[in-house]
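Chain residues, written in single-letter form:
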Amino acid sequence: MNSDVVAGFKAAFRGYPTGVAIISVAGPDGPAGLTASSVASVSLAPPALSFSVMDSPSALTIVNAPSLVVNLLGAGHADLAHDFARSGGPRFTPGQGWMTLPTGEPALRDAQAVMRCVPLHRVAVGASTVVVAEVTSVLTGAEDARLIYHGRMFHVFRHSGGPQPQ
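Calculation rules
Within any chain, residue numbers begin from 1 and follow the written order of that chain's sequence. A pLDDT threshold of at least 70 governs which residues receive local features in this predicted model, and a stricter bar of 80 or more applies before side-chain atom pairs are shown or counted, although totals over entire chains, interfaces and linings include all residues. The basis for every side-chain value is the complete set of heavy atoms in the structure, and neither hydrogens nor water enter the calculation. By the criteria applied, helices consist of DSSP H or I runs no shorter than four residues and strands consist of E runs no shorter than two, each listed in order from the N terminus. Taken over C-alpha atoms, the radius of gyration is set against a globule rule of 2.2 Å times the number of residues to the power 0.38. Note on exposure labels: buried denotes an accessible area under 20% of the residue type's maximum, exposed denotes more than 50%, and partly exposed covers the range between, all computed with a 1.4 Å probe on protein chains only. Residue contacts are defined here by distance: any two heavy atoms, one from each residue, within 4.5 Å place the two residues in contact. Each accessible area value is a Shrake-Rupley result obtained with a 1.4 Å probe; residue values ignore everything except the protein chains displayed when judging cover. Pairing between strands is defined by DSSP: at least two bridges between them are needed.

Q: Would you take a moment to explain the overall build of the protein for this structure?
A: Across its full length, the protein holds three helices and 13 strands. Taking 15 Å as the expected radius of gyration for a compact globule of 166 residues, we find that the protein reaches 16 Å, a close match to that expectation. Projecting the C-alpha coordinates of the protein onto the three principal axes gives extents of approximately 45 × 40 × 35 Å. Relative to its 166 residues, the protein shows a buried fraction of 40%. Counting only contacts in the protein whose residues sit at least 6 apart along the sequence, the fraction spanning at least 24 positions is 59%. Entry remark: accessible area of the protein is about 9,200 Å², with carbon and sulfur atoms responsible for 59%.

Below, the structure is given as structure tokens:
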């Protein structure tokens, strides 16, 4: 692997702002989840999205789950995004605002949007897995400023005034 290409690749994506989500599932040992900045829409017919996860216990649980929830995060979720982005961070605590969908998956009560999905494809790429999933239901929350990831930091993007570091 060319180290110059890897360094350039990292630098390019550090400068590319993305939305932030928490992917959550009802795993065999309880709820599991992680922060993802790779969520993208794929198709309208059927409605589908994609995301990638790197090799970790939470990622393995998510990749093997029969259904999952993509929780799109807003301005007030920076601490939660940090908690789910690091190993050992507090997860699914009573104060974080989680609820259980009728289908059993954990969902963030005040997320910008909660999308329940069923995986269509799982593609291994190096130490990561790309998941393409069909969206089976959507709950939308109140309009809020958006949480984005840029330059290895979470920022709040307000429609007027631009991004603010968190």
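Text resumes after the structure shown.
Q: Just to check I follow, could you spell out unusual backbone geometry for this structure?
A: Glycine aside, residues mostly have negative phi, and peptide bonds are mostly found in the trans state. In this chain, Ala45 is followed by Pro46 through a cis amide linkage whose omega measures 0°. Inspection of the secondary structure assignment puts Pro46 in the loop between β4 (40-44) and β5 (47-54). Unlike most non-glycine residues, Phe92 shows phi in positive territory, near 60°. Within the element layout of this structure, Phe92 appears in the loop between α3 (78-85) and β7 (98-100). Look at Phe92 and you get buried, because its relative accessible area is 18%. Positive phi is not limited to glycine here, since Arg152 has a value of about 65°. By secondary structure assignment, the location of Arg152 is in the loop between β11 (146-150) and β12 (153-158).

Q: Please clarify how the pairing of β11 should be interpreted in this entry.
A: Each regular strand displays side chains that alternate between the two surfaces of the sheet. Pairing of strand β1 (residues 18-19) with β11 involves two bridges; the strand directions are antiparallel. Pairing of Thr18 across the sheet is with Tyr149, part of β11. Bridging between β11 and β12 involves five bridges; their strand directions are antiparallel. Bridging across to β12, Tyr149 finds its partner in Phe154. What sits between the antiparallel neighbours β11 and β12 is a turn of two residues, in which Gly151 has the positive phi angle 60°.

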